[in-house]
Amino acid sequence: KLPRVHLMMSTAPSSPKRSRLRRRSSLKHKPSPKLFDYFVVVNVQHTDFNAPTDKEFAPNAKDMGWQPVVQFSYNANKIMSSAASTSTTTTTNSSSSTTSPSMLPNKYSAVQLNTSGEKEELELMEQIRKFAFCDLSDLVNQYNRLSESDKKQRKYYKILSFKHALQSERFTFCVTKSNGRRLYGHCRRLFTPDVNLKPGEMPTALVLVSSHAFHG
């Protein structure tokens, strides 16, 4: 009879209160789903004021006098990794800087990366930078065609055939990482105001990069 009693005790159902506590503990350590992986801000900076303005630039031309630059990058994966590892403390060096258009300061990173991870992220930023302004030569050509009157009135939104400075446009793209994983980018371009609340000369791109495809 003893083995029989032992079998009955081992198969006896647990109390509802204990099962609820076990379910809560499992949900507590489960990471929350991410809507996006990266949020990147890209704008176009004037790099050469002596660049010719009476020349029609071909696609992918060099020395146009303008260059897209990554101004800010938020990595959701790093932030979540930092929140999960509460037992360890990581420090970052926020004083490092570089002139490379794709290099990001360490102050935007919550967790230090190894060499391979940093290289992969910089490659991704380079792809996002180019996808956000894949039509840079067209933008530069439209900028050079603006009349002096439009430039004085800061009607730079005409570069994108906008009717007013608050208008925006959006498009999507797909990036394939070195490990074969696909990331989908949703880009919205608009003319952000400067310190005098006037529209900028070139549009700014706000890019959400996610492992989930965008529809609609």
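The model shown is predicted, which means the values in this text are computed figures rather than measured ones.

What counts and what doesn't
Residues numbered from 1 in each chain as written. Predicted model: local features only at pLDDT ≥ 70, side-chain atom pairs only at ≥ 80, totals over all residues. Heavy atoms only, no water. Salt bridge = Lys/Arg side-chain N within 4 Å of Asp/Glu carboxyl O. Helix = DSSP H or I, 4+ residues; strand = E, 2+ residues; numbered from the N terminus. Buried < 20%, exposed > 50% of the residue type's maximum accessible area, 1.4 Å probe, protein only. Core = buried A, V, L, I, M, F, W, Y, C linked by side-chain atoms within 4.5 Å. Contact = heavy atoms within 4.5 Å. Phe/Tyr/Trp six-rings, centres within 6.5 Å; stacked < 30°, edge-to-face > 60°.

Section: the pattern of salt bridges
Counted according to the given criterion, the structure contains 8 salt bridges. Between Arg189 and Asp135 there is a salt bridge; the shortest N-O distance is 2.9 Å. Here the residue Arg189 occupies a position in strand S4 (residues 182-190), and Asp135 occupies one in the loop between helix H4 (115-132) and helix H5 (136-145), the gap between them amounting to 54 residues. This pair shows no difference in class: Arg189 is buried, exactly as Asp135 is. Between Glu169 and Arg189 there is a salt bridge, and its shortest N-O distance comes to 2.6 Å. On the criterion of sequence distance, the pair formed by Glu169 in strand S3 (residues 168-176) and Arg189 in strand S4 is long-range, its members being 20 residues apart.

Focus: the nonpolar core
Among the nonpolar cores identified, the biggest contains 32 residues, and Val40, Phe133, Ile159, Met202 and Val207 are the most heavily contacted of them. Elements with a minimum of two residues in this core: strand S1 (38-46), strand S2 (66-75), H4, H5, S3, S4 and strand S5 (204-210). Once residues within four sequence positions are removed from consideration, Val40 is found in contact with Val70, Phe72, Ser73, Met125, Ile128, Ala205, Leu206 and Val207.

Some remarks on the packing of aromatic side chains
Within this structure, the stated rule accounts for 5 aromatic pairs. Taken together, a centroid distance of 5.1 Å and an interplanar angle of 70° make the contact between Trp66 and Tyr143 edge-to-face. One end of the pair, Trp66, is in strand S2; the other, Tyr143, is in helix H5, with 77 residues separating them in the sequence. Grouping residues by exposure puts Trp66 and Tyr143 together as buried. Between the aromatic rings of Tyr143 and Tyr156, the centroid separation amounts to 5.8 Å while the plane-to-plane angle is 20°, which identifies the pairing as stacked.

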